[in-house]
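So you can see what is in the structure, the chains are spelled out below.
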Amino acid sequence: MVTALRRLAIFLLVLGLQYQLWFGEGGIVARQRLEAKMAELRAQNAALEARNERLREVIRQLETGGEALEETVRRQYNWIRSDELLFMVPEPASRP
């Protein structure tokens, strides 16, 4: 009878430890969730890093090249040179 209780106690102890190993706060399931989240965050970081690099390149062009700055100003503000003419053609009014 004592050995049966001892075996049952050991079994329950091992079962409790296995539960903690698999489903506890630092268990395997929690680790897999964290690894998936880390992979997602790494992908987001890579996309943001690529965007930052594109913006750095635009900044370098604007700082060093007058042509890039001129192109940006002409496009955004419709600026023209003193020897150019600008013709603005209005959009035709839509008929009801």
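Starting afresh in each chain, residues are numbered from 1 along the sequence in its written order. The predicted origin of the model limits local features to residues at a pLDDT of at least 70 and limits the giving and counting of side-chain atom pairs to 80 or more, whereas totals for whole chains, interfaces and linings rest on all residues. Side-chain descriptors were evaluated using all non-hydrogen atoms of the structure, hydrogens and water having been removed beforehand.

(A) Structural context of the overall build of the protein chain. The way it works is that DSSP assigns letters per residue, a run of H or I at least four long becomes a helix, a run of E at least two long becomes a strand, and they are numbered from the N terminus. The number of helices and strands found in the protein chain is 3 helices and 0 strands. Counting from the amino terminus, helix and strand elements in the protein chain follow one another as α-α-α. The C-alpha atoms of the protein chain give a radius of gyration of 34 Å, which is well past the 12 Å a tight globule of 96 residues would have. Over its C-alpha atoms, taken along the principal directions, the protein chain stretches across nearly 105 × 50 × 10 Å. Counting over 96 residues, the protein chain shows a buried share of 4%. Accessibility throughout is a Shrake-Rupley quantity obtained with a 1.4 Å probe, and a residue counts as covered only by protein chains that appear here. Of the accessible surface of the protein chain, which amounts to about 9,500 Å², a share of 61% is contributed by carbon and sulfur atoms. Charged side chains of the protein chain number 14 positive and 13 negative; the gap between the two group centres comes to 16 Å. As a reference, a globule follows 2.2 Å times the number of residues to the power 0.38, and the radius of gyration itself is taken over C-alpha atoms. Throughout, exposure labels follow a simple rule: accessible area from a 1.4 Å probe, protein chains only, divided by the maximum for the residue type, with under 20% read as buried, over 50% as exposed, and the rest as partly exposed. A positive count includes Lys and Arg, and a negative count includes Asp and Glu. His and the chain ends are not counted in either. For the purpose of locating charges, the reference atoms are NZ of Lys, CZ of Arg, CG of Asp and CD of Glu.

(B) Up close: the packing of helix α2 (residues 28-64) against helix α3 (residues 66-77). Fitted lines through C-alpha atoms serve as axes, helices being fitted only where they are in contact, and the angles separating the N-to-C directions of these axes extend from 0 to 180 degrees. Packing of α2 against α3 brings their axes to within 5 Å, and their N-to-C directions diverge by 105°. With respect to each other, α2 and α3 are oriented roughly perpendicular. The segment α2 lies against α3, with Q61, L62 and T64 engaging G66, A68, L69 and T72. Looking at side-chain class alone, the contact of α2 with α3 contains 3 nonpolar, 4 polar and no charged residues. Here the angle decides the label: under 35 degrees means roughly parallel, over 145 means roughly antiparallel, 65 to 115 means roughly perpendicular, and every other value means oblique. By definition, residues are in contact when any of their heavy atoms lie within 4.5 Å. Residue classes follow a fixed rule: Ala, Val, Leu, Ile, Met, Phe, Trp, Tyr, Cys and Pro count as nonpolar, while Asp, Glu, Lys and Arg count as charged, and any other residue, Gly among them, counts as polar.

(C) Local environment of the pattern of salt bridges. Only one rule defines a salt bridge in this text: a Lys or Arg side-chain nitrogen within 4 Å of an Asp or Glu carboxyl oxygen. Following the criterion strictly, the structure yields 5 salt bridges and no others. For E53, the salt bridge goes to R56, with nearest N and O atoms at 3.1 Å. Of this pair, E53 and R56 both sit in helix α2, 3 residues apart, which is roughly one turn of the helix. Judged by its relative accessible area of 36%, R56 is partly exposed. Because the salt bridges share partners, they merge into one network encompassing E49, E53, R56, E57 and R60.

(D) Inspection of α3 at higher detail. Here a helix's expected span is defined as the number of its residues, less one, multiplied by 1.5 Å. Over its 12 residues, α3 runs 16 Å from end to end, which matches the ideal 16 Å to within 8%, given 1.5 Å per residue. Of the residues one or two after α3, N78 is the one with positive phi, at around 55°.

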